[in-house]
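# Residue-level structure breakdown
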Amino acid sequence: MQIDPSIKSRPKYVAPELVASAGLQLFVSESDAGHLLEPLYRQCSESGAQWLVAEPGNAPGTLADSLSGYLQRVLSDAPVTTRLYVAGSEGFLWDIRNQALSAGLVDEQIQLAPPISKARRLFCTHCYTLMEGVTSSPHTCSGCGRLLLVRDHFARLHGAYVGVQINAEDPEEQLEQEVLQ
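Analysis parameters
- Residues numbered from 1 in each chain as written.
- Predicted model: local features only at pLDDT ≥ 70, side-chain atom pairs only at ≥ 80, totals over all residues.
- Heavy atoms only, no water.
- Helix = DSSP H or I, 4+ residues; strand = E, 2+ residues; numbered from the N terminus.
- Contact = heavy atoms within 4.5 Å.
- 1 Å grid on protein atoms, 1.4 Å probe; cavity = no way out; pocket = protein on both sides within 12 Å on 5 of 7 lines; lining within 4 Å.
- Points joined across faces, edges and corners; volume = space filled by probe spheres on them.
- Nonpolar A, V, L, I, M, F, W, Y, C, P; charged D, E, K, R; others polar.
- Phe/Tyr/Trp six-rings, centres within 6.5 Å; stacked < 30°, edge-to-face > 60°.
- Buried < 20%, exposed > 50% of the residue type's maximum accessible area, 1.4 Å probe, protein only.
- Pairing = 2+ DSSP bridges.

### Remarks on the environment of Pro 115
- For Pro 115, the position within the fold is in the loop between strand S4 (110–112) and strand S5 (120–124).
- Spatially, the C-alpha atoms of Pro 115 and Leu 36 are 9.9 Å apart, while their sequence positions differ by 79 residues.
- Each residue touching Pro 115, except ones within four places of it in the same chain, is listed here: Tyr 13, Gly 88, Ser 89, Glu 90 and Leu 93.

What follows is the structure, given as structure tokens:
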């Protein structure tokens with residue numbers, strides 16, 4: 001499958017660049033993605049930078065949920081010139097971005113590094129289930145069992161690609177798997 005560059009909802013990622021004039025440099029990463037932000041962190045003065053790392057654990061919800069309370073406290077006292085740099089899986093990037101927006105940051109203050117894998121978060125339009133780590137299309141929904149076409153349309157609110165039933169006319173029809181790009 002070729003990715004259509006005209007799909008406007010699909011996020012475009014570039015390597016983050018340090019904004020030296022920021023009053024607070026905040027780095028947030030999943031544990032296996034810290035290497036993407038480490039060079040930027042090293043450029044910061046110790047007083048103007050903080051690093052939050054989401055570690056897999058037994059906490060309910062996503063890795064981003066485990067940072068939510070702390071991130072909200074940090075951002076509630078952050079100066080207007082704060083910059084946020086995020087690295088990790090695509091779902092993690094967008095969870096942190098959405099938390100930052102709800103705390104008062106704007107997109108211009110947030111830089112998302114390219115995701116560490118091609119796995120996608122998928123949103124089922126039929127039962128509203130979010131699924132992590134989807135690497136091929138079609139994909140069976142873990143909520144309703146429907147066979148979903150993984151669309152290139154990206155829903156920023158959910159940090160997920162949209163999945164729609166692919167075989168509604170003939171649910172018994174088996175379709176060939178396609179690796180996502």
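Alright, that's what it looks like, and here's the rest.
### Considering the layout of surface pockets
- Size it by volume and the largest pocket reaches roughly 240 Å³.
- If you go around the largest pocket, the residues you meet are Pro 11, Lys 12, Tyr 13, Val 14, Pro 16, Trp 94, Arg 97, Asp 107, Ile 110, Gln 111, Leu 112 and Arg 156.
- Residue assignment for the lining of the largest pocket shows that the elements contributing at least two residues are helix H3 (90–102) and S4.
- If you tally residues by element for the lining of the largest pocket, the top one is S4, at 3 residues.
- Here the residues of the lining of the largest pocket are counted per class, giving 7 nonpolar, 1 polar and 4 charged.
- Considered as a void within the structure, the second largest pocket measures approximately 190 Å³ in volume.
- If you go around the second largest pocket, you meet 11 residues; those closest to its centre are Arg 10, Pro 115, Ser 117, Lys 118 and Gln 181.
- Per-class residue counts for the lining of the second largest pocket are 5 nonpolar, 2 polar and 4 charged.

### Some points on the packing of aromatic side chains
- Counting across every chain of the model gives 7 aromatic pairs.
- The interplanar angle of 20° and the centroid separation of 5.6 Å between the aromatic rings of Phe 27 and Trp 51 together place this pair among those described as stacked. A residue pair is termed long-range when its members are at least 10 positions apart, and Phe 27 in strand S1 (residues 25–30) and Trp 51 in strand S2 (residues 49–54) qualify at 24 residues.
- Take Phe 27: its relative accessible area is 0%, and that puts it in the buried class.
- Given a relative accessible area of 24%, Trp 51 falls into the partly exposed group.
- Seen from their ring centres, Phe 154 and Tyr 161 are 4.9 Å apart, and the 70° between their planes marks the pair as edge-to-face.
- The buried category is assigned to Tyr 161, whose relative accessible area is 3%.

### Re the pairing of strand S9 (residues 147–155)
- Note: strand S8 (residues 139–140) against S9, 2 bridges, orientation antiparallel. Counterpart to His 139 in the pairing with S9 is Leu 148.
- A loop of 6 residues connects S8 with S9, the two strands running antiparallel in sequence, and Gly 145 in this loop sits at a positive phi of about 80°.
- Relative to strand S10 (residues 160–165), S9 is paired through 5 bridges, and the arrangement is antiparallel. Note that in S10 the partner of Leu 148 across the bridge is Gln 165.
- Hairpin connection between S9 and S10: a loop of 4 residues separates the two successive antiparallel strands, and Gly 159 in this loop has a positive phi of roughly 60°.

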